[in-house]
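Structure assessment
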Amino acid sequence: MVTEHLDPPVFEIDRASQAVDPSQTPWFFNDGGFPVYLAEPPSGVTPIDAAPTDPRLAMGCEVIVSGVSAVKDCQLYGIETRLGFVAETVCFEPLWATHMIAAAFGITLVEPGQAVRLESPVNDLAQVEYEYGVWAGHWSPYQNTGNRLLSVVCTDLEHHDFPHVFASTDARVPLVISVGRYWPALGRMRLADLWVPQGSALYIPPKPALPDLECLDLHNNRNSARACWGNIEHDTILTHTLLQPTGGFFHWYWNARDTAHSRPL
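This is a predicted model, so every value here is computed, not measured. (Residues numbered from 1 in each chain as written. Predicted model: local features only at pLDDT ≥ 70, side-chain atom pairs only at ≥ 80, totals over all residues. Heavy atoms only, no water.)

Another point: the overall build of the protein. Scanning the protein for helices and strands turns up one helix and 19 strands. Whereas a compact globule of 265 residues would reach a radius of gyration of roughly 18 Å, the protein reaches 18 Å, a difference of no more than 12%. Dimensions of the protein, computed from the C-alpha atoms along their principal axes, are close to 55 × 55 × 40 Å. Among the 265 residues that make up the protein, the fraction classed as buried is 50%. Within the protein, contacts between residues separated by at least 24 positions form 80% of all contacts whose residues are at least 6 apart in sequence. For the protein, the computed accessible surface area is about 13,000 Å², with 53% contributed by carbon and sulfur atoms. (Helix = DSSP H or I, 4+ residues; strand = E, 2+ residues; numbered from the N terminus. Rg over C-alpha atoms; globule rule 2.2 N^0.38 Å. Buried < 20%, exposed > 50% of the residue type's maximum accessible area, 1.4 Å probe, protein only. Contact = heavy atoms within 4.5 Å. Areas by Shrake-Rupley, 256 points an atom, 1.4 Å probe, with all protein chains shown as cover.)

So, in structure tokens, the structure goes:
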């Protein structure tokens with residue numbers, strides 16, 4: 001019988017870490033579903049090209065951006081920008097990640113047996129095995145709610161000047177990565193949840209803050225375990241992520257309105 005508290009949910013667990021130096025091993029190879037980093041592509045493997053950023057591509061649910069309501073300089077960590085949205089509920093369209101759909105957010109889908117060359121201005125990267133819980137997205141770093149789990153999930157997306165690889169390595173369920181493409185001059189944003197098939201991975205190149213960009217490609221992985229919702233047996237997911245473990249400078253874009261997420265057809 002429940003007395004005062006339920007069991008504490010898993011938020012995020014860092015299970016293992018492996019240093020990656022892209023100056024020595026600049027090739028990301030999807031080795032049968034497991035991410036490895038090599039000096040050269042394996043023999044017989046023709047590398048794929050990283051998806052270019054084409055601002056004409058627009059997929060996902062559209063939301064009107066009414067403007068920037070606040071900008072906060074977090075000094076060592078980055079710039080936090082609060083956007084105004086014209087919407088009662090902000091919907092993230094659930095989409096299975098394909099090469100075309102991922103490219104609409106400046107992302108490259110890397111399937112088993114494929115290799116892509118990493119672009120990175122830094123060499124101190126790490127591949128980290130994480131375990132994410134289904135409630136990890138129900139926390140807000142912006143709204144003075146501390147470590148409470150919230151009944152709503154806000155929009156929280158980022159870009160930064162180091163590469164990411166999000167690998168779908170859980171044996172039970174796919175990986176889910178929330179993404180957005182923002183056209184500041186047009187006041188428009190497209191939002192989606194990319195469902196990454198087991199064994200595939202997403203490569204996101206560095207996305208620095210450059211002047212006069214026509215669009216900004218954004219992402220967040222705290223909803224990684226969304227595929228576990230409705231599964232009474234599993235409420236966490238294992239995944240491998242390439243990132244800069246220390247010293248990264250981020251640009252966060254957020255909005256406080258409730259977001260809606262669902263499963264793809």
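Here the focus is the pattern of salt bridges. Across all of its chains, the model carries eight salt bridges by this definition. Asp156 is paired through a salt bridge with Arg222; the nearest N and O atoms lie 2.7 Å apart. Of this pair, Asp156 sits in strand E11 (residues 155-160) while Arg222 sits in the loop between strand E16 (216-220) and strand E17 (236-243), and the two are 66 residues apart along the sequence. Note on accessibility: Asp156 and Arg222 belong to one class, buried. For the salt bridge of Arg172 with Asp170, the shortest nitrogen-to-oxygen distance reads 3.1 Å. Asp170 sits in the buried class, given a relative accessible area of 4%. (Salt bridge = Lys/Arg side-chain N within 4 Å of Asp/Glu carboxyl O.)

What follows covers a nonpolar patch on the surface. Residues Trp135, Leu149 and Trp229 make up a contiguous nonpolar surface patch of roughly 260 Å² in combined accessible area. Relative to the elements of secondary structure, Trp135 occurs in the loop between strand E10 (125-133) and E11. Given the relative accessible area of 33%, Trp135 is considered partly exposed. (Patch = residues over 30% accessible without salt bridge, like charges linked within 9 Å, V, L, I, M, F, W, Y side chains within 5 Å.)

This part covers the sheet that holds strand E2 (residues 27-31). The three strands lie next to each other as E3-E2-E9, forming an open sheet whose pairing is antiparallel. Across the chains shown, the open sheet's two edge strands, defined by having one partner strand only, are strand E3 (34-38) and strand E9 (115-117). Between one strand axis and the next, the sheet turns by 25° as a mean value, whatever way the strands run. The pairing of E2 with E3 spans five bridges and is classified as antiparallel. (Pairing = 2+ DSSP bridges. Axes fitted to C-alpha atoms, helices over the stretch in contact; angles between N-to-C directions.)

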